[in-house]
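Descriptive analysis of the structure
Spelled out, the chains give:
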Amino acid sequence: MAVHDQYQQALAACSRIARQEFDCVGQYFGQCDQIVAAVKKELGAAVATSARTMSRKRTQRDPLRDMLDTLGDEYLELKRKRNRNLSKHRRSLNHFNVMLFGRTMAGKSTIREAITRGSGATIGKGAQRTTRDVREYEWNDLRIIDTPGFGAYNGEEDTQIAHEILERSDVVLFMLNSDSIQESTFAELRYVQKLNKPLIFVLNVKKDLENEGNRRRAIRSPDRYVYKADDIAAHRERLEQLAARAGMRTDAITIIPIHAQAAFLATRTLGGEAAELHELSQLDSLLAALQAEVAGNGPVRRIQTFLDSALHHIDQQEALIRDQRDKVTSLLEQHESSLVRVSSWKSKKLRDAPALLAGEVDKAFKPLIDSIADFVDDHIEDKHVTAAWEHHVGRFSIDRRIQRSAQAITEDVARELEEFHRELHESLDVGYALDLEHKANRFSETDYKRINGWGSAVSGVIGAIAFANSWNPIGWAFAGLGLLFGIASWFSNSRAKKLAEAKRSQRASITTDIEKNKAKIKESLSNWFEERIHRGTILPVEARLQQLCMSLAAFRDTLGRAERELDQLKHDINHRLLHQVATVVAGRHFALPRMKKIVRAPGYACYFLTSEQFRDSALLTRVGASLGEKILAVQDGSVENKIAFLYRGLVEKIDISPEGKVELRVRKDNIGKVLGKSHRRIKMAAGICSIGIEAFAI
């Protein structure tokens, strides 16, 4: 078959395959939207649950709501970008798309003017940006997309436009300037590598041919004057260094030197010199390379364009969800730590506070108890003893002392809970309010009135001693008359003994009554602490933290499930990619076995796990060559067997710990081969084996 016919057939196949893959990508994106919609619905329920733990103050932020809003907003932006890109894909289904990509002033506009036989008006004369819009044109049935260059001053928008075009390009002509291959090229190479785009490097040699003498010398001796072997070799070496840093395989790099100015001048010159300039430009070599790429790999490139673009968008969505899950996990860990601290603190407080309150009651009553003997001595025959006792008790301010003690306990609880709240707020940036019942600055006497019984019990110290009915201890005074005995009567031995006995009896009676009231007060304070402080303040805080942790755990688990579902979706896309490429390469369907798991680093390697016996290594080699990746079929089995297969001859010993971690013992000179560039090989091995792997030099 003639080369031209093969080229045209490949272009027709590209159009047919593009329509198939376009429809599939739309379905994959629909599945992605369903996954995210389900996640948002579940997260909305988790947010609603957590909202019940929040303060009723609307000024407080809800971090879970913020995360859900962020997830929704960022996903919506990703979806808009994705759909915009898909819409542009639709308009180019019948074309094989070649992108001109490179730094500003690399020569892209000159190439376009040459191919379109333009006037040269858009060719730059200095460092300015000459191409600010996306321009498309036909060249030998190929659609050439000329984009704004990167690296110009204030050219961030241009770079963004170029990145969007990259996604829907089948092959990228990466224009390089022979003046220098700059460091900014590295950043763009990394982006192209991430999108797994096939590259043809075009080195535009800058030799000014406006002068007639220069043109003559260049036409006569192109290898000596234009395409100097040493210069091109130096540029290749520099490019390979940058490409290797970007994670690209340097063995697959193709560099085509051209002279863009010669190509343009050939369109502006008449006679034989036009043909000589055109030949000098080596533009035909570039076209031949493109046609060979289309004829050999065109359908595969179209498959890659759609499916790898879909993978890129779903990767972005998965990264967004993973980032949110990591944040939630961090919040959960610190909230759980706070919950443990609050629970431990609560146990100590429940143990210490009642005893502390009882001690405070004892201390408050001690001066009064110590004064009983003197009071009885002074007032044994006082008919106004009730008023005297009230006045006497009031001097000790027992109720205020007990109130202050209870207030101190309450404020201490509030302060410590507020400290927990502040730590959460400051360290986690979480605006949860714990709705403390008793903050120091909100404490009022009204709170005491709600305390069950202890306030009235303190007042009862006065009323519980029924002076009006029982004071007359010796029985000599007439009830109700309040008469006093004469001074002389005190000197009677009999009466003195009775009086002393009466004093002892009354002191004991008063002391007993006070002790009974103390016991009631202690019991009331204990009940108050249990109801108002423990159940009313501490337990709700602990319960809110527990609910918070449950909400965060639900949030995290939902995001984790979404990650797994998106990962499965990526597996399905990679599965289709491999099968479609194998179909193109082998010329038949179902050329590859069933795949249980796929681990792929686009542009580097792809491992798939299978339970079937598959020995067509030649097909895998051909599929890998088309994709620019190393393809390996890994037989499912023990971890040792899988690792032994992946690292044939490189690993001296394999140790598997009870915890399920693998340690590889490797000779020092093989450690780099086991790890791979940027540790990609060992990461892929760990992925396909579903286990952690470490390598140690011996």
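Every value quoted in this text rests on a predicted model; they were computed, and no experiment measured them. (Residues numbered from 1 in each chain as written. Predicted model: local features only at pLDDT ≥ 70, side-chain atom pairs only at ≥ 80, totals over all residues. Heavy atoms only, no water.)

Here's the deal with the overall build of the chain
For the chain, the count of helices and strands is 22 helices and twelve strands. Within the chain, the fraction of its 698 residues that count as buried is 49%. For the chain, the proportion of contacts with a sequence separation of at least 24, taken over those separated by at least 6, is 76%. If you sum the accessible surface of the chain, you get close to 33800 Å²; carbon and sulfur atoms cover 49% of it. (Helix = DSSP H or I, 4+ residues; strand = E, 2+ residues; numbered from the N terminus. Buried < 20%, exposed > 50% of the residue type's maximum accessible area, 1.4 Å probe, protein only. Contact = heavy atoms within 4.5 Å. Areas by Shrake-Rupley, 256 points an atom, 1.4 Å probe, with all protein chains shown as cover.)

With respect to the nonpolar core
Counting 97 residues, the largest nonpolar core has Phe555 and Leu578 as its most contacted members. Counting residues per element, this core draws most heavily on helix α18 (residues 493-586), which supplies 26 residues. In terms of nonpolar packing, the next biggest core, distinct from the first, is built from 68 residues, Ile111, Val192, Met248 and Val294 among them. (Core = buried A, V, L, I, M, F, W, Y, C linked by side-chain atoms within 4.5 Å.)

Section: the pattern of salt bridges
When the charged atoms of two side chains lie near each other, side chains of opposite charge can form a pair. By the definition in use, this model includes 51 salt bridges. A salt bridge links Glu612 to Arg594; the nearest nitrogen and oxygen atoms lie 3.2 Å apart. Highlighted residues: Glu612 in the loop between β8 (605-610) and α19 (617-627) and Arg594 in the loop between α18 and β7 (597-601), separated in sequence by 18 residues. A residue is classified by how much of its surface remains accessible, and Arg594, at 64% relative accessible area, is exposed. (Salt bridge = Lys/Arg side-chain N within 4 Å of Asp/Glu carboxyl O.)

As for the environment of Ile17
Assignment of secondary structure puts Ile17 in helix α1 (residues 3-51). Ile17 sits in the buried class, given a relative accessible area of 9%. Each C-alpha atom of the pair Ile17 and Val300 lies 8.9 Å from the other, and the pair is 283 residues apart in sequence. Excluding anything up to four places from it in sequence, Ile17 contacts Pro299, Arg302, Ile303 and Val584.

As for the packing of aromatic side chains
Considering all chains together, one arrives at four aromatic pairs under this definition. On the numbers, 6.5 Å between centres and 85° between planes, the contact of Phe22 with Phe306 is edge-to-face. Here Phe22 is found in helix α1, whereas its partner Phe306 is found in helix α11 (residues 283-370), with 284 residues between them in sequence. On the basis of relative accessibility, which here comes to 9%, the residue Phe22 falls in the buried class. When the centroid spacing of 5.3 Å and the interplanar angle of 90° are considered together, the rings of Phe101 and Phe174 count as edge-to-face. Here Phe174 lies in strand β4 (residues 171-177) and Phe101 lies in strand β1 (residues 97-102), a separation of 73 residues in the sequence. A residue is classified by how much of its surface remains accessible, and Phe101, at 1% relative accessible area, is buried. Phe174 gets classed as buried once you look at its relative accessible area, which sits at 0%. Taken together, the ring pairs in this structure connect Phe101, Phe174 and Phe201 into an aromatic cluster. (Phe/Tyr/Trp six-rings, centres within 6.5 Å; stacked < 30°, edge-to-face > 60°.)

Section: the sheet that holds strand β12 (residues 692-697)
If you trace the three strands from one edge of the open sheet to the other, you get β10-β11-β12, paired in mixed fashion. Every other strand in the sheet has two partners, leaving β10 (651-656) and β12 as the edge strands with one partner each. The sheet shows a mean angle of 20° between the axes of neighbouring strands, taken without regard to direction. Relative to β12, strand β11 (residues 661-666) is paired through six bridges, and the arrangement is parallel. Looking at β12, one finds that Arg665 is bridged to Phe696. Those strands touched by helix α20 (residues 639-646) are β10, β11 and β12, and its axis lies near 155° from that of β10. (Pairing = 2+ DSSP bridges. Axes fitted to C-alpha atoms, helices over the stretch in contact; angles between N-to-C directions.)

A look at the pairing of β8
The buried fraction of β8 is high, at six of six residues. Going residue by residue along β8, you find Ala605, Tyr607 and Leu609 tucked away on one face and Cys606, Phe608 and Thr610 tucked away on the opposite face as well. Judged from the five bridges that link them, β7 and β8 form a sheet pairing that is antiparallel. Note that in β8 the partner of Arg600 across the bridge is Cys606. A loop of three residues connects β7 with β8, the two strands running antiparallel in sequence, and Gly603 in this loop sits at a positive phi of about 85°. At this point the chain moves from β8, through α19, to the parallel strand β9 (residues 630-635), and the crossover so formed is right-handed. (Right-handed = clockwise from strand over helix to strand, strands pointing away.)

Comments concerning helix α8 (residues 229-245)
Each α-helix winds once per 3.6 residues, and so residues spaced three or four apart point in a common direction. An ideal rise of 1.5 Å per residue puts 24 Å on 17 residues; α8 measures up with 24 Å between its terminal C-alpha atoms. Those residues of α8 not exposed but buried are Ile232, His235, Leu239, Leu242 and Ala243. All buried residues of α8 lie within an arc of 100° about the axis, which places them on one face of the element. α8 presents Ala229 and Asp230 as exposed residues on the side facing more than 90 degrees away from its buried surface. Tucked into the core, α8 has its buried residues touching β4, α5 (184-195), β5 (199-204) and β6 (255-258). Downstream of α8 by a residue or two, Gly247 has a phi angle that is positive, lying close to 90°. (Expected span 1.5 Å × (residues − 1). Arc of directions from axis to C-beta.)

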